[in-house]
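# Inside the fold
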Amino acid sequence: MRKFLALFLTLSLVVLSACSMEPPAWAKPDQGDKKIADLKIGLSVSTLNNPFFVSLKDGVVKEAEAKGIEVKVVDAQDDSAKQINDVEDLIQQGVDVLLINPTDSAAISTAVQSANSIGIPVITLDRSADKGEVEALVASDNVKGGEMAAEYIVEQLGEGALVAELEGVPGASATRERGTGFHNVADEKLNVVAKQAANFDRTEGLTVMENIIQANPDIKAVFAHNDEMALGAIEAINSSGRDIMVIGFDGNDDALKAIEAGQLEATVAQQPDLIGQLAVQAGLDAAQGKKVEENIPAPLKLVTIEE
Amino acid sequence: MHITMQGIYKAFGTNQVLTGVDFELKEGEVHALMGENGAGKSTMMNVLTGLHSLDQGQIFVDGKETYFKNPKEAEQAGITFIHQELNIWPEMSVLDNMFIGKEPKKAFGLVDSAKMKRLAEEQFKRLDVSLPFDKEAGSCSVGEQQMIEIAKALMTKAKVIIMDEPTAALTEREIQKLFEVIASLKKEGVSIVYISHRMEEIFAICDRITVMRDGKTVDTKPIPETSFEVVVRKMVGRELKDRFPKRNSKPGEIVLEVKNLTGKAFRDVSFSVCSGEIVGVSGLMGAGRTEIMRGIFGLDSIESGDVILNGEKVTIKNANQAVNHGIGFITEDRKDEGLVLDFSIKDNIALPSLYSFAPKGIIKEKDEKEFVDMLIKRLTVKTESAETRVGDLSGGNQQKVVIAKWIGIGPKVLILDEPTRGVDVGAKREIYQLMNELTDRGVAIIMVSSELPEVLGMSDRILVVHEGKIAGELPKETATQENIMTLATGGQ
Amino acid sequence: MKANSEVLQEKKGNLLQSVTQKLGPFLGLLILVIFVSVMNPSFLEPLNILNLLRQVSINALIAFGMTFVILTGGIDLSVGAILALSSALTAGMIVSGIDPMLAILIGALLGAIFGAVNGLLITKGKMAPFIATLATMTLFRGLTLVYTEGNPITGLGDNILFQLFGRGYFLGIPVPAVTMIVTFIVLYILLHKTPFGRQTYAIGGNEKAALISGIKVPRVKVLIYSLSGFLAALAGAILTSRLNSAQPTAGESYELDAIAAVVLGGTSLSGGKGRIFGTMIGVLIIGVLNNGLNLLGVSSFYQQVVKGIVIIIAVLLDRKKSA
């Protein structure tokens with residue numbers, strides 16, 4: 001029995017010593033020095049079935065073309081497993097810098113680590129990665145966006161107006177950041193009488209808003225953490241017959257139409273193409289060994305009927 | 001209608017099936033077509049009705065050279081073919097089956113079901129069939145399905161009807177009814193081509209006989225001018241001594257005994273089989289013979305009663321237990337229940353005894369092959385190799401493979417349900433011989449058969465089943481066709 | 001009388017036919033590999049081949065199980081959902097402090113139990129496989145969302161064995177690929193060398209005949225659906241390690257990729273005919289398509305178009321062969 005145990009242990013040791021987390025040396029690609037014009041960018045997008053990410057991709061491609069650099073684009077179709085394969089394929093194609101728009105922050109970690117192990121710099125777009133070394137995260141400045149929304153309400157209705165806030169999924173980074181920004185201004189200049197979560201969902205936005213109107217019939221404005229909830233809130237307000245100003249966030253197509261129709265007062269629009277553009281610039285700097293900011297905020301734009 | 005076929009040649013790929021066949025069918029005659037399986041009978045009729053095109057030769061219908069492009073065209077001209085493989089749509093009702101593709105229509109293209117019922121009723125009365133029209137055809141017995149096909153053919157107002165083994169699945173009573181119908185059709189001037197392996201029938205109802213062998217017509221004679229022996233000799237091209245080989249029966253101890261067995265389709269069934277004995281089970285189609293066997297084998301559930309094997313009471317709830325107890329079951333429908341047609345001969349034969357080749361979990365292919373080759377040789381299965389696909393074999397060879405498969409488990413009891421259905425004369429005899437060999441080695445055999453000569457020729461004892469009960473037991477010495485039929489039809 | 005040469009010719013024809021029948025999918029793979037590597041030589045680089053093997057391992061494990069299921073004439077639509085549920089449960093166990101390797105083992109066994117549920121519904125419940133597994137697919141998918149509350153499960157720690165399982169290398173070969181190859185060998189023997197394998201074919205070829213031959217058809221079927229569930233869960237464990245998290249939507253539409261691989265490998269959906277080697281080839285064809293089209297820079301929308309066309313061509317060629 002003891003002999004068997006010893007044998008088993010030795011065997012396991014042998015097997016384990018044959019294991020490693022790194023690809024074998026003979027399989028690693030050559031990483032020669034390259035000139036800037038020869039650099040190749042790899043972009044992995046979470047999905048191209050959503051206009052937001054299509055604009056993000058277009059931003060990257062346009063900026064790279066302007067600089068005369070080649071871009072390879074892969075689409076994960078919202079499947080985190082496929083995204084890891086995609087990133088591996090990009091590495092295989094010899095890209096010099098990786099721009100990744102992760103489907104999921106945790107799931108992308110291993111892909112970032114494989115890039116790290118070969119020494120390819122990684123820039124993430126819109127979402128971050130939990131593990132691995134990321135040179136920079138390029139994302140909308142959600143805090144600033146929240147502030148912009150609050151300031152607009154102050155501008156339109158004056159200080160001390162009664163307002164409500166529709167929050168996104170509790171704990172999500174967008175909810176936290178947009179809320180923080182909004183309260184930075186609103187806590188001093190406005191009177192936030194109601195604040196409830198509607199989970200970024202249009203239907204929930206409708207029902208939650210109905211409840212808020214019921215409890216606080218006097219509110220003059222509502223800030224929703226995204227356009228979907230804002231559009232739901234408009235339905236509730238219309239059927240109540242009151243005049244309440246609604247401000248959304250994101251600037252999606254439905255929201256822009258609602259602004260044109262005079263239903264939605266304003267939305268804090270993200271600029272995905274700008275995210276793409278900034279990411280290319282950061283990526284090139286990183287590939288040339290320059291230091292880049294860890295967090296690169298992409299500016300937002302307040303869209304109203306005047307625009 | 002008068003049909004002449006002259007010098008017909010037909011090949012499938014490199015396989016020459018017809019090599020200069022001549023055939024003549026006169027108006028209002030019943031013309032028997034005989035020959036061993038693979039002699040080309042069905043092919044010749046398929047050439048006539050346009051299913052296959054011919055390579056060489058001429059066909060004259062009423063003196064005019066005529067070639068049908070497809071069976072539908074032949075049918076419109078008045079030639080109907082009742083195939084051996086039944087064209088039944090199992091999920092559709094009996095009535096719908098009879099009118100597939102030719103439903104009578106009324107206004108707006110709706111199906112005229114009243115007319116359908118009236119027409120079908122007429123034919124069923126003529127054939128003395130009492131089947132509910134709305135019954136699912138798939139749940140009818142093979143015999144009933146055959147009657148549906150025949151009724152369907154009669155409705156077409158055909159001038160020529162080709163019947164390929166029409167009685168294979170029919171009971172004696174149904175056969176008698178069919179013969180009456182054939183006689184009346186003949187009076188109306190309808191010609192009938194009657195393909196069969198059953199000598200008695202042919203000599204009873206046919207006017208002339210054409211014998212085929214190896215794709216050629218060997219002989220055409222009026223029935224009165226020929227005899228049983230002559231026909232068999234011409235068919236096989238050699239003398240066939242006796243139809244049934246001699247049996248030396250020495251029954252031993254009782255091996256299997258059933259007591260008061262009751263199931264859905266039978267009740268209070270008691271009988272026993274001894275080692276080395278063949279017990280024939282006769283009765284009309286639908287009397288419950290097959291159901292009793294399925295009950296013993298564990299395929300259908302049993303409500304009450306005992307199965308006693310070698311003196312010990314056993315419970316058999318599924319086929320696996322039956323096989324483990326050494327019982328083999330050769331079912332009546334070999335294509336549907338007996339064989340995996342896409343499997344090789346080897347894989348089919350080895351199927352019930354796989355574990356005996358795999359003492360350590362992995363099949364020892366050498367042992368398996370030796371075993372299978374031995375059985376192929378012993379049963380004289382005609383094949384080049386054990387790897388041949390079973391679906392490509394003739395009916396007789398397929399049946400031998402089914403039997404080989406069960407001999408392989410070293411059975412104590414072997415249940416054979418219609419063991420020679422659709423099997424040619426030569427192969428039949430080989431199967432009978434095999435049954436004798438098995439009983440010589442102490443195997444107990446229960447043989448269910450609708451062919452009375454077979455039951456009389458092979459059994460040591462005969463059980464007659466009537467409406468789910470054993471109507472009587474006849475020893476070999478006193479059994480005759482008459483007293484079996486009396487018991488089978490409920491007489492005393 | 002047939003001339004001897006003619007007979008010989010016929011035999012040669014049969015031989016050629018059987019060779020193309022057996023090697024058909026393999027030739028397809030070869031043509032595909034040559035095409036991709038001519039268009040982009042980096043396809044053949046060692047790292048890419050290793051990547052490819054790792055990328056296909058998940059679909060391979062699922063497709064192996066699917067091969068057994070389809071050979072019996074059944075189908076298993078629930079594999080993707082079983083993958084997700086067992087992956088979530090495994091991750092949950094790891095987070096709660098159970099040793100990761102033990103968690104993987106328990107997760108795989110749970111997968112087998114989920115598969116057995118399918119088998120019992122089909123045999124005891126007499127449900128059509130399509131319906132039974134469609135129902136359990138929805139059920140398991142729902143349970144995954146209930147268990148994970150729709151969020152990924154993260155924080156799986158840094159146990160080195162667990163990380164090796166999905167991401168590591170053994171003697172330079174990715175561990176998932178090693179798992180795939182070992183599983184393939186075991187299943188190949190099971191399918192082609194044991195009574196169990198022969199019974200699998202027999203059930204697909206003629207279930208009634210199999211039953212009457214004394215095969216315990218219900219038992220074999222339950223075992224096969226359990227095997228399918230077990231392999232899906234094993235694939236799930238690899239995915240969990242690769243993603244370093246359990247995703248509630250993991251494995252979505254994986255059942256379709258697996259079915260496609262089985263069909264590309266020449267296995268008949270009506271059961272009884274096919275080989276696991278063919279499935280391996282089918283898996284590689286899909287893998288090379290995914291990887292190669294990425295390398296060639298084909299847009300993801302066109303990639304789907306190409307995959308669909310390849311499946312159609314493969315099945316049409318298969319029809320022609322058997323006709």
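No experiment lies behind these values; they were computed from the predicted model shown. Counting of residues starts from 1 at the beginning of each chain's written sequence and follows it residue by residue. Chains carry letters and ligands carry numbers; both start at the beginning, A for chains and 1 for ligands, and go up in the order they are written. Residue-level local features of this predicted model are given only where pLDDT is at least 70; pairs of side-chain atoms are given and counted only at 80 or more, and the full residue set underlies all totals for whole chains, interfaces and linings.

### Notes on the overall build of chain A
- In terms of helices and strands, chain A carries ten helices and 13 strands.
- Referenced to the eigenvectors of the C-alpha coordinate spread, the extents of chain A come out at roughly 80 × 60 × 35 Å.
- A buried classification covers 48% of the 307 residues belonging to chain A.
- The long-range share in chain A, meaning contacts at least 24 apart out of those at least 6 apart in sequence, stands at 71%. Elements are defined by DSSP. Helices are runs of H or I of four residues or more, strands are runs of E of two residues or more, and each kind is numbered from the N terminus. Counting other C-beta atoms within 10 Å of each residue's C-beta, where C-beta atoms are placed from the backbone, gives the exposure class: buried for 20 or more, exposed for 12 or fewer, partly exposed between. By the criterion used throughout, residues are in contact when their C-beta atoms, derived from the backbone, lie within 7 Å.

### A few points about the overall build of chain C
- For chain C, the helix and strand inventory stands at 13 helices and two strands.
- Here the radius of gyration uses the C-alpha set of atoms, whereas the globule reference equals 2.2 Å times the residue count to the power 0.38. Here chain C has a C-alpha radius of gyration of 21 Å; the compact-globule value for 323 residues is 20 Å, and the two agree.
- Seen through its C-alpha atoms, chain C measures out along the principal axes to roughly 80 × 55 × 35 Å.
- Here chain C holds 323 residues, and 54% of them are scored as buried.
- Within chain C, residue pairs in contact and separated by at least 24 positions form 79% of the contacts whose partners lie at least 6 positions apart.

### Describing the interface of chain C and chain B
- Taken residue by residue, the interface counts 21 residues in chain C and 25 residues in chain B.
- Where the side of chain C that touches chain B is concerned, the elements lending two or more residues are helix H1 (4-39), helix H7 (175-193), helix H8 (195-205) and helix H9 (207-212) of chain C.
- Among the residues forming the side of chain C that touches chain B, the class breakdown is seven nonpolar, six polar and eight charged. Three classes are used, and their members are as follows: Ala, Val, Leu, Ile, Met, Phe, Trp, Tyr, Cys and Pro are nonpolar, Asp, Glu, Lys and Arg are charged, and the others, Gly among them, are polar.

### Describing the sheet that holds strand S1 (residues 169-170) of chain C
- Here we have three strands laid out as an open sheet, ordered S1(A)-S1(C)-S2(C), and antiparallel in their pairing. Each end of this open sheet is capped by a strand with a single partner; those strands are strand S1 (19-20) of chain A together with strand S2 (173-174) of chain C.
- Paired strands, in this sense, are two strands between which DSSP finds at least two bridges. Here S1(C) runs beside S2(C); their pairing, made up of two bridges, is antiparallel. The residue of S2(C) that forms the bridge with Tyr169(C) is Pro174(C).

### Considering the domain arrangement of chain A
- Here the bounds of each domain stem from an automatic or database domain assignment. Partitioning chain A into structural domains gives domain 1 (36-134 + 273-297) and domain 2 (142-269).
- The centre of domain 1 of chain A, based on its C-alpha atoms, is set 32 Å off from the matching centre of domain 2 of chain A.

### Concerning unusual backbone geometry
- Look at Asp126(A): it is not a glycine, yet its phi comes out positive at around 70°.
- By the secondary structure assignment, Asp126(A) is in the loop between strand S5 (122-125) and strand S6 (136-140).
- With 22 C-beta atoms counted inside 10 Å, the residue Asp126(A) sits in the buried group.
- Even without being glycine, Lys126(C) reaches a positive phi, approximately 55°.

### Structural notes on the pairing of strand S7 (residues 162-167) of chain A
Residues and elements named next belong to chain A.
- Across the six residues that make up S7, a large majority, five, are buried.
- Both S7 and strand S8 (residues 191-197) contribute to a ladder of six bridges, which runs parallel. Paired with Leu 162 across the strands is Asn 191, a residue of S8.
- Of the pairings in the sheet, the one linking S7 to strand S9 (residues 221-224) comprises four bridges and is parallel in character. Paired with Glu 165 across the bridge in S9 is Phe 223.

### Focus on the arrangement of the chains
- Most contacts, compared over the two pairs of chains touching, are made between chains A and C.
- Spatially, chain A is disjoint from chain B: no contact exists, and the shortest C-alpha separation is 24 Å.

### Some thoughts on the interface of chain A and chain C
- Taken together, the 34 residues of chain A in the interface contact 32 residues of chain C.
- Among the secondary structure elements, those contributing two or more residues to the side of chain A that touches chain C are S1, strand S3 (70-75), helix H3 (80-92) and helix H4 (109-118) of chain A.
- The leading source of residues in the side of chain A that touches chain C is H3(A), at eight residues.
- Split into classes, the residues belonging to the side of chain A that touches chain C amount to 14 nonpolar, nine polar and eleven charged.
- Pairing between S1(A) and S1(C): two bridges, direction antiparallel. Note on S1(C): the bridge partner recorded for Cys19(A) is Phe170(C).

### Some points on the sheet that holds strand S17 (residues 413-417) of chain B
All names here are of chain B.
- Across the sheet, six strands lie side by side as S16-S17-S18-S13-S19-S20; this open sheet has mixed pairing. Edge positions in the sheet fall to strand S16 (327-330) and strand S20 (469-475), since each has one partner strand and no second. Pairwise comparison of adjacent strand axes, ignoring direction, gives a mean angle of 20° for this sheet.
- Summarising the sheet, S17 and strand S18 (residues 444-448) pair through five bridges and their orientation is parallel. Bridged to Leu 416 within S18 is Met 447. Only the stretch in contact is used when fitting a helix axis, every axis being a line fitted to C-alpha atoms; angles between N-to-C directions are given from 0 to 180 degrees.

### What about the packing of H8(C) against helix H10 (residues 217-243) of chain C?
All names here are of chain C.
- Taken N-terminus to C-terminus, the directions of H8 and H10 make an angle of 105°; their axes are 10 Å apart at the nearest point. Taken together, the axes of H8 and H10 are roughly perpendicular relative to one another. Where H8 approaches H10, its residues Phe 196, Gln 199, Thr 200 and Ile 203 are matched on the opposing element by Val 217, Val 220, Lys 221 and Ile 224.
- The residue inventory of the contact of H8 with H10, partitioned by class, reads five nonpolar, two polar and one charged. Any angle between 65 and 115 degrees counts as roughly perpendicular, while under 35 counts as roughly parallel, over 145 as roughly antiparallel, and the rest as oblique.

### Some words on helix H9 (residues 253-260) of chain A
Residue and element names in this part refer to chain A.
- Among the residues of H9, Ala 255, Ala 258 and Ile 259 are the ones counted as buried. An end-on view of H9 places all buried positions within 100° of arc, on one side of the element. Exposed positions of H9 whose direction lies more than 90 degrees from the buried face are Asp 253, Lys 257 and Glu 260.
- Of the residues trailing H9, Gly 262 is marked for its positive phi of about 80°. Arc, as used here, means the arc of the directions from the helix axis to the C-beta atoms.

### Quick word on helix H14 (residues 395-407) of chain B
- Every helix has an expected span of 1.5 Å times one less than the residues it contains. The end-to-end C-alpha separation of H14(B) is 18 Å, in line with the 18 Å expected for 13 residues at 1.5 Å each.
- Along H14(B), 13 of the 13 residues are buried, which leaves the element largely enclosed by surrounding structure.

### Observations concerning the confidence of the model for chain C
Residue and element names in this part refer to chain C.
- pLDDT is defined as a per-residue confidence score from the predictor, taking values between 0 and 100. The predicted model of chain C averages 88 in pLDDT, with 91% of residues at 70 or higher.
- Mean pLDDT across the elements of chain C bottoms out in H1 (68) and peaks in helix H4 (residues 100-123) (96).
- A low-confidence stretch, residues 1-11 stays under pLDDT 50, and its non-local contacts, those more than four residues away or across chains, total four contacts.
- Here the predicted complex scores 0.76 on pTM and 0.84 on ipTM.

### Quick notes on the pairing of strand S10 (residues 216-222) of chain B
All names here are of chain B.
- In terms of strand pairing, strand S9 (residues 208-213) meets S10 through six bridges, oriented antiparallel. Counted as the bridge partner of Arg 213 is Lys 216 from S10.
- Between S9 and the antiparallel strand that follows it, S10, lie two residues; Asp 214 among them carries a positive phi value of about 50°.

### Observations regarding the packing of helix H7 (residues 202-215) of chain A against helix H8 (residues 227-240) of chain A
All names here are of chain A.
- Between H7 and H8, the shortest axis-to-axis distance is 7 Å and the interhelical angle comes to 45°. Taken together, the axis directions place H7 and H8 in an arrangement best described as oblique. Crossing angle aside, the handedness with which H7 passes H8 is right-handed. Each of Arg 202, Thr 203, Glu 204, Gly 205, Leu 206, Met 209, Glu 210 and Ile 213 in H7 lies in contact with H8, whose residues at this interface are Glu 228, Met 229, Ala 230, Leu 231, Gly 232, Ala 233, Glu 235, Ala 236, Ile 237 and Ser 240.
- Tallied by class, residues from the contact of H7 with H8 come to nine nonpolar, four polar and five charged. Two helices that cross are described as forming a left-handed crossing if the nearer one is turned anticlockwise from the farther one by less than a right angle, and a right-handed crossing if clockwise.

### A look at the confidence of the model for chain A
- Chain-level statistics for chain A give a pLDDT mean of 88 and a share of 96% at 70 or above.
- No element of chain A has a lower mean pLDDT than helix H1 (residues 2-17) of chain A, at 78, and none a higher one than S9(A), at 95.

### Here we look at the environment of Arg242(A)
Residue and element names in this part refer to chain A.
- Looking at where Arg 242 falls in the secondary structure, it is placed in the loop between H8 and strand S10 (245-250).
- Once the C-alpha coordinates of Arg 242 and Ile 213 are considered, the two residues, 29 residues apart in sequence, prove to be 9.0 Å apart.
- Not counting residues up to four positions away in its chain, the partners in contact with Arg 242 are Ile 213 and Ile 237.

### Some details on the environment of Ser128(A)
All names here are of chain A.
- Structurally, Ser 128 is set in the loop between S5 and S6.
- Considering only alpha carbons, one finds Ser 128 and Val 169, 41 residues apart in sequence, at a separation of 18 Å.
- Residues contacting Ser 128, with those up to four places away along its chain left out, are Ser 105, Val 134 and Leu 137.

### Here we look at the environment of Leu316(C)
- Among the structural elements, Leu316(C) can be located in helix H13 (residues 300-322).
- It is 18 Å that separates the C-alpha atoms of Leu316(C) and Val283(C), two residues lying 33 residues apart in sequence.

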